Amino acid sequence: MTPMYTDKVLEHFKNPRNMGEIEAPDGVGEVGNPVCGDVMRITIKVDEETETIEDVKFKTFGCGAAIASSSVVTELIKGKPLREALEVSNKTVVEVLGGLPPVKMHCSVLAEQGIAAAIKDYYDRHPQRELPPEVEDKLRRLEGTDPHAVPDYIESEALE
Ligand code: FES
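Residues numbered from 1 in each chain as written. Predicted model: local features only at pLDDT ≥ 70, side-chain atom pairs only at ≥ 80, totals over all residues.

A look at the environment of Asn18
Our working rule: Secondary structure is summarised from DSSP: a helix means a run of H or I of at least four residues, a strand means a run of E of at least two, and numbering begins at the N terminus for each. Here, residues touch in the contact sense if the C-beta positions derived from the backbone fall within 7 Å of one another.
Locating Asn18 in the fold gives a position in the loop between α1 (7-14) and β1 (27-32). Taking the C-alpha atoms as reference, Asn18 lies 6.4 Å from Phe58; in sequence the two are 40 residues apart. Look past the residues within four positions of Asn18 in its chain and what remains in contact with it is Val56, Lys57, Phe58, Ser71, Thr74, Glu75 and Lys78.

Digging into the confidence of the model for the protein
Heads up, the rule is: pLDDT measures the predictor's confidence residue by residue and takes values from 0 up to 100.
Of the residues in the protein, 88% have a pLDDT of 70 or more, and the chain-wide mean is 88. In this model residues 149-160 is a low-confidence stretch, pLDDT under 50, and it forms 13 contacts with partners more than four residues away in sequence or in other chains.

Focus: the sheet that holds strand β2 (residues 39-47)
To keep things clear, this is the line we draw: Pairing between strands requires that DSSP locate at least two bridges from one strand to the other. The angle between two axes is taken between their N-to-C directions and runs from 0 to 180 degrees, where each axis is a line fitted to C-alpha atoms and a helix contributes only its stretch in contact.
With respect to topology, 3 strands assemble into an open sheet ordered β1-β2-β3, the strand pairing being antiparallel. Looking at strand neighbours, the two that pair on one side only are β1 and β3 (52-61), the edges of this open sheet. Between one strand axis and the next, the sheet turns by 15° as a mean value, whatever way the strands run. Pairing of β2 with β3, which is carried by 9 bridges, proceeds in the antiparallel orientation.

Listed below in structure tokens is the structure:
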């Protein structure tokens, strides 16, 4: 059965924002879902002084929900300090999209993972800067989510 997408999902899928790749990025996050095989690559440009995300782009080989989630997440984090960008969750992405079918929730998790991975990579490239503990906490939590299913922490906050 074809999942029902909201108009907002379809709009972001047809006109994705910030698609592409930043040349000489300050951080790269590449994440994949082992079950569906979809892959998302996020590149970020960071203002070193303010640690703010100046620019962000994505390349996603995946379903419509993954592309729409990537598009939304880049809009949400552009211009934000890294610590604030880290607070953007898949739940926020799903809210902006007006909901996703339960079987497509993991696609929004991929977007949250991609951002966290890009931010982690930024800190890996700048060892003189202290990695905020929430980066690794988040990556560990997201890595532990079952790629087949709606993760527990999402289910508990399920959107209708
Ligand atoms: S089905 Fe794989 S990310 Fe959507």
